[in-house]
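Residue strings, one per chain:
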Amino acid sequence: MDEIQTVVAARTLAHARTVFIGVGRPSTAAILARMVHNPSLVLIYESGTIGAKPFHIPLSIGDGELAETADAVVSVPEMFNYWIGPGRVDVAFLGAAQVDRFANLNSTVIGDYDHPRTRLPGAGGAPEIASSCGEVIVVAPHNRRTLVERLDFVTTVGHGDGPGARERLGLRGRGPTAVITDMGVLEPHPDSLELVLAALHEGVSVEQAREATGWELAVAEDVHVTEPPSERELGALRELLAR
Amino acid sequence: MARVLGLSEAVAELVHDGDSVALEGFTHLIPFAAGHELLRQGRRELELIRMTPDLLYDQMIGMGAARRLVFSYGGNPGVGSLHRFRDAIENDWPHAIELEEHSHAGMANRYAAGASDLPFAVLRGYSGTDLVAHTTVRFIECPFTGERLAAVAALRPDVAIVHAQEADAEGNVSLWGIPGVQKEAVLAGKRSLVTVERIVERLEPRPGAVVIPGWAIDVVAAAPGGSQPSYSQGVTERDNDFYRLWDEISRDRGRFTAWMEEHVLAGVGAR
C-alpha cells in the first residue's frame, strides 16, 4: 500500500473500539491506528486472536506474536459464531481482487468459475465478516483491473444491487462505508449506494481517478483533498515498517 | 486411550488410498510431518479437507495425491498465491482436481456439526454470494422465528490429523496458542491421529490450553518439529522466510518436483 492509503485507512479507526483484520490483508493500517490515533483499539484477527498487540507487522494472520500478545485466543468456530456473527466487531478491513460500484467483492476467480483464467484464494472469512461487522472498509488499488463494471464472481456482498439489497438478504451490518485506494476515497452515495469519488489524495485529479475506474465514476458534490499525512503519521508509519 | 505409534506406522495404519483426510491447523500447528509421510507412502486419490490449504496442501496437490479439495482459503498467507493449487485448477497439472469451497464460517461450522454428530450446522452466511451456486449449502427457515438461515453439511472425514505440543503416555493431548479447529476436526474424524512435539510424563496444566483426552483419539505419534515451516507455539517459530521462498520454489513445476524429491520423498523428517 502507498503511505497515504495506509495513513487514510488508519484514520478511519480513530473512534472504533474493535477492528477485524481478515486473512492476507494489510494490518499495517490497524497497527498504525493504535500507534497514532487510538491506543486502546482492539485488533481482532480471524486466526482467533482478540486484542492482539503486535509490535511487528505480522506476515500471516496467525503469527506467534499475535497469540502471545492477545487478550484472548479463541477457536475458529468461536470466532465466527460468538464474535463475528452477532456483530460484536465495529469495523472490518477487507481487500479484494475486484470491487464493483456497489462495493461487492471478488476474491475467488478471474474468468469462468470452472475454467478460471486466474484462480484466487477464495472467500476465507470475508462473506460473513462483511455481512455482520458494524461497517466494512475496503482497501484496494485504484485501477481498471480492480475497480470493475462487473465482478467475475460475487464472493462477498457489499451493497448488492443497491438500496434494500442487504435487508432483503438478511445482512445485518451496515456494509461498506468506504473504499480507500491509492488515489482517493470512494463512498457509497447516501441514496443510490453507488460508490462515488468522495476524496482525492494530494496530486491526483478527478480525471485521473475516473480514468482508472472501470465504471462511469460519479463525483461527490463536496469532493475534497484528503488531509496530507502529518509528520507524526508518517514518522510512525516509517518506524513501524522498519521494525 | 490412544495408542502411541511411530509416525510411519501410524500413517500406514490409518490412511488409505481414496480416503477423505483432514489435516488441520489454522496457520499454527500445521501437521507437515504427517502430510509428508502420506506422500512418502504414496497415498493417492485423497479427498483433502482443510480450511486453509497452505503450503502443505500445495505440496500434496502438486505431487498428485489429491482427487478432491474441500477448503475455504487457498493462499500463501501474506505472500500471495499457492502456485501448485492454481496450476491444478487452471491447467489440470498434474491432473484435474474437484473443488468444494466454502467460507471460513461455513467450514468451521461443518466441523463443529461433525464433532457434534449432527447432520448439519446453521449459520447466517453465504446469502447473496455466487458461492451458493457452486457449493453445497441450503437455506432453511428457523422453526422458531422464521428467519432464513444457511445450512451446511457436517464434515466427517475418514481420518483427521492434527499436530500439538504435548501428549502424555496415555495419549492425552495438550495444545496451546491458536487452537484453530483442531479439536473439532479430531472429534469429527472417523479415525484420528495427533502428532506431537514431545511425549511427556505428565501434562502440565496451562492457561488457555486445549486438552483432548486420549480416549477420544486413536493414535498419537511423536513428530518433533513436525509443524515446520508453520510453528508450535512455545516450541518452534514460524519460518516466514520459507513461506516467502516457497513462492519461488513452487512457481516452476520442475523446480517444485525436484525440491519435493530431495526434501520430502528422499528425506525422513526433512521439512
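Note that this is a predicted model, so its numbers are computed, not measured.

## A closer look at the overall build of chain B
Across its full length, chain B carries 8 helices and 15 strands. Counting only C-alpha atoms and orienting by the principal axes, one finds that chain B spans roughly 55 × 45 × 30 Å.

## A closer look at unusual backbone geometry
Looking along the chain, the bond that leaves B:Trp93 and enters B:Pro94 is cis, with omega of 0°. With an omega dihedral of 10°, the bond running from B:Gln228 to B:Pro229 counts as a cis peptide bond. Structurally, B:Pro229 is set in the loop between strand S15 (219–222) and helix H7 (240–251). Even without glycine at this site, A:Leu193 takes up a positive phi of about 65°. Here A:Leu193 lies in the loop between strand S12 (184–188) and strand S13 (195–200).

## Let's talk about the pairing of strand S5 (residues 91–94) of chain A
Residue and element names in this part refer to chain A. With burial as the criterion, each face of S5 is covered, one bearing Val-91 and Phe-93 and the other bearing Ala-92 and Leu-94. As judged from the 3 bridges shared by strand S1 (residues 18–21) and S5, these two strands associate in the parallel manner. In the sheet register, Ile-21 faces S5, and the bridge partner there is Phe-93. Two strands pair when backbone bridges link them, and S5 and strand S10 (residues 135–139) are joined in this way by 4 bridges, in the parallel orientation. Note that in S10 the partner of Phe-93 across the bridge is Ile-137.

## Overview of the nonpolar core
Ranked by size, the top nonpolar core spans 156 residues in total, and within it A:Val19, A:Ala92, A:Leu94, A:Val138 and B:Val194 carry the most contacts. Residue contributions to this core reach at least three from each of two domains, namely domain 1 (3–44 + 156–263) and domain 2 (120–153) of chain B.

## Focus on the interface of chain A and chain B
Every contact between the two is made by 40 residues of chain A and, on the other side, 46 residues of chain B. Looking at the side of chain A that touches chain B, the elements with two or more residues in it are helix H3 (64–69), helix H4 (76–84), strand S9 (116–119) and helix H5 (126–132) of chain A. The element that contributes the greatest number of residues to the side of chain A that touches chain B is H5(A), accounting for 4 residues. Split into classes, the residues belonging to the side of chain A that touches chain B amount to 18 nonpolar, 18 polar and 4 charged.

## Things to note about the sheet that holds S13(A)
All names here are of chain A. Spatial ordering of the open sheet is given by S4-S3-S2-S1-S5-S10-S11-S12-S13-S14, a layout of 10 strands whose pairing is mixed. The sheet is open, and its two borders are formed by strand S4 (72–73) and strand S14 (218–225), each paired with just one other strand. Note that S10 and strand S11 (residues 176–180) share 4 bridges and pair parallel. In the strand pairing of S11, Ile-137 is matched with Ala-178.

## What to know about the sheet that holds strand S10 (residues 148–153) of chain B
All names here are of chain B. Taken together, the 3 strands give an open sheet; going across it, the order is S8-S10-S9, and neighbouring strands pair in antiparallel fashion. The outermost strands of the open sheet, each flanked by one partner alone, are strand S8 (120–123) and strand S9 (138–141). Neighbouring strand axes in the sheet, compared pairwise and without regard to direction, differ in orientation by 40° on average. Of the pairings in the sheet, the one linking S9 to S10 comprises 4 bridges and is antiparallel in character. Paired with Glu-141 across the strands is Arg-148, a residue of S10.

## Observations concerning the environment of B:Val173
All names here are of chain B. Tracing the sequence through the fold places Val-173 in strand S12 (residues 173–175). Classification of Val-173 as buried rests on a count of 30 C-beta atoms within 10 Å. If sequence neighbours within four positions are ignored, Val-173 has contacts with Ala-164, Ala-167, Val-194, Val-196, Val-211, Ile-212, Ile-217 and Val-220.

## What to know about the environment of B:Tyr126
Within the fold, B:Tyr126 resides in the loop between S8 and S9. Given 27 C-beta atoms within 10 Å, B:Tyr126 falls into the buried group. Separated by 99 residues in the primary sequence, B:Tyr126 and B:Gly225 have C-alpha atoms spaced 38 Å apart. Setting aside anything within four residues of it in sequence, one finds B:Tyr126 in contact with A:Pro127, B:Ser103, B:Gly106, B:Leu131, B:Val132, B:Val137 and B:Ala150.

About the thresholds
- Residues numbered from 1 in each chain as written.
- Chains lettered and ligands numbered in written order.
- Predicted model: local features only at pLDDT ≥ 70, side-chain atom pairs only at ≥ 80, totals over all residues.
- Helix = DSSP H or I, 4+ residues; strand = E, 2+ residues; numbered from the N terminus.
- Buried ≥ 20, exposed ≤ 12 C-beta atoms within 10 Å, placed from the backbone.
- Pairing = 2+ DSSP bridges.
- Core = buried A, V, L, I, M, F, W, Y, C linked by C-beta atoms within 7 Å.
- Domains from an automatic or database assignment.
- Contact = placed C-beta atoms within 7 Å.
- Nonpolar A, V, L, I, M, F, W, Y, C, P; charged D, E, K, R; others polar.
- Axes fitted to C-alpha atoms, helices over the stretch in contact; angles between N-to-C directions.

These results come straight from atomic positions and should not be treated as a statement about function.
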